[in-house]
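What follows is the residue order along each chain.
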Amino acid sequence: MSKVLIIGAGGVGRVTTIKCAQHPDVFSGIMLASRTKSKCDVIAEDIRQQLGYTNIETAAVDAENVPELVALIRSYQPKLVIHVALPYQDLTIMDACLEAGVHYLDTANYEPKDEAKFEYSWQWAYQERFKEAGLLAVLGCGFDPGATSIFTARAAKHFFDEIHYLDIVDANAGDHGKAFATNFNPEINIREVTQKGRYWENGQWVETEPHEIMKVLNYPDVGPKNSYLIYHEELESLVKNFPTLKRARFWMTFGDEYLTHLRVIQNIGMAGIEPVMHKGVEIIPLEFLKSVLPDPGDLGENYTGQTSIGCRIRGIKDGKEKTYYIWNNCSHEAAYKETGAQGVSYTTGVPAMTGAMMVVTGKWGGVGVKNVEEFNPDPFLEVLGKHGLEWHEAHDVDLEL
């Protein structure tokens, strides 16, 4: 049994903490920390009342303050820090883990505050430092990235001699009843989906305008949805770790109303990340927008429908072309009933807990900085469905792509 420190008390933090508390045989103690301790206290009390799990503590911490993080880690002495706060806090938390001597796990790669750009280079640069410290840093253990990368690793291990074409497809077919809302932190969500598209083909990156390429794809139990090619971070690590890939793309569904709101937000400057002066006070438009949009953590109660996320893969097995589709569908209603959070938070928090379980039980090991597809996918997927994210697969089917 091991103690873990979870940083971040939003929707994903809620799910991750609840799922850890469901396994007291693995997680003997939990500390939940956030800039706002009261958010942690609410989650902790829910866990005590609903699960009877009492070995949970809470704390206030500034995740961008390394000495403060180090002091908290040393006082609690966890085996692993699970980072489910904001991507621009990745590096400070990694620094703190190195100084305090604990393993690290996150769900999204680093993104600087002042630039709408995310890539793994900053975190991969920590490779030697984690090796020398005898520590492990697990990168991207949410759903996408995370489960989608592990799905790809399963395909490569069991069903293909060479993977040539990979399409990650992500549909949120849910309805939260709001005119406009983001399913996770608006600062990160809006920056992500308004960037230029990018995909890997024939050994190089090809850039597109935002939402320039669209295909209607059919999703299991959901049906046809307009799916747009965007850039997503796991493509960077997957083309590195599976060098036989000739093409790798990521598709996400957006409704027409959502895209209209997004265009207006961009056109009037509210998606900006550069400071502007307002009545003598410097503000960042996107941060202000976040303050007036619905809190993603509050969307769950009236959220209906489901997500459908998976990998459509084509390649070669025994000299013959083969296709393979592996996916998960997650009900927003079921996620909320279990955890009080909507499906997008659930699909990120469950893999985070599952990855943490892999680390603390020794099923994933080693030292250095590793993306999840570098580990054995089998023990992770053996238990993922038991934790609420059942996955399905189909062989030799029409991939539509």
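A brief look at the structure comes next.

Procedures and definitions
- Residues numbered from 1 in each chain as written.
- Predicted model: local features only at pLDDT ≥ 70, side-chain atom pairs only at ≥ 80, totals over all residues.
- Heavy atoms only, no water.
- Phe/Tyr/Trp six-rings, centres within 6.5 Å; stacked < 30°, edge-to-face > 60°.
- Helix = DSSP H or I, 4+ residues; strand = E, 2+ residues; numbered from the N terminus.
- Buried < 20%, exposed > 50% of the residue type's maximum accessible area, 1.4 Å probe, protein only.
- Lys NZ or Arg CZ within 6 Å of the ring centre and 35° of its normal.
- Core = buried A, V, L, I, M, F, W, Y, C linked by side-chain atoms within 4.5 Å.
- Contact = heavy atoms within 4.5 Å.
- Arc of directions from axis to C-beta.
- Pairing = 2+ DSSP bridges.
- Axes fitted to C-alpha atoms, helices over the stretch in contact; angles between N-to-C directions.
- Parallel < 35°, antiparallel > 145°, perpendicular 65-115°, else oblique.
- Left-handed = near helix turned anticlockwise from the far one by under 90°.
- Nonpolar A, V, L, I, M, F, W, Y, C, P; charged D, E, K, R; others polar.

Here the focus is the packing of aromatic side chains. The tally for this structure, following the rule as stated, stands at 12 aromatic pairs. Taking the centre distance of 4.5 Å and the plane angle of 10° together, the rings of Trp364 and Phe375 count as stacked. Within this pair, whereas Trp364 is found in the loop between α13 (343-360) and β17 (368-371), its partner Phe375 is found in the loop between β17 and α14 (377-384), the two being separated by 11 residues in sequence. The same class applies to Trp364 and to Phe375, which are both buried. Three or more aromatic residues joined by ring pairs form one cluster here, namely Phe159, Phe160 and Tyr324. Over the ring of Tyr76 we find Lys3; its NZ or CZ atom is 4.2 Å from the centre of that ring. Seen from the ring of Tyr325, Arg312 lies directly overhead, with NZ or CZ sitting 4.6 Å from the centre.

Turning our attention to the nonpolar core. Ranked by size, the top nonpolar core spans 89 residues in total, and within it Phe27, Ile82, Val138 and Trp364 carry the most contacts. The residues touching Phe27, leaving out its near neighbours within four places in the chain, are Ser2, Val4, Cys20, Tyr53, Met353, Ala356, Met357 and Val360.

Listing the buried residues of helix α11 (residues 285-292) in full gives Pro285, Leu286 and Leu289. Along α11, the residues classed as buried sweep out an arc of 95° about the axis, all on the same side.

This part covers the pairing of strand β12 (residues 247-253). Counting buried residues along β12, 7 of its 7 residues qualify, which places the element largely inside the surrounding structure. Note: strand β7 (residues 162-172) against β12, 6 bridges, orientation parallel. Paired with Val169 across the strands is Trp251, a residue of β12. Across 2 bridges, the pairing between strand β8 (residues 197-201) and β12 is antiparallel. If you follow Trp200 over to β12, its bridge partner there is Ala248.

A separate point is the packing of helix α1 (residues 11-21) against α13. Their axes nearest at 8 Å, the elements α1 and α13 cross at an angle of 45°. Judged by the inter-axis angle, α1 sits oblique to α13. The crossing of α1 and α13 is right-handed. Listed contacts from α13 to Gly11, Val12, Val15, Thr16, Lys19 and Cys20 of α1 are Ser345, Tyr346, Thr348, Gly349, Val350, Ala352 and Met353. Residues of the contact of α1 with α13, tallied by class, amount to 7 nonpolar, 5 polar and 1 charged.

Note that every value here comes from positions in space, so none of it alone points to a role or purpose.
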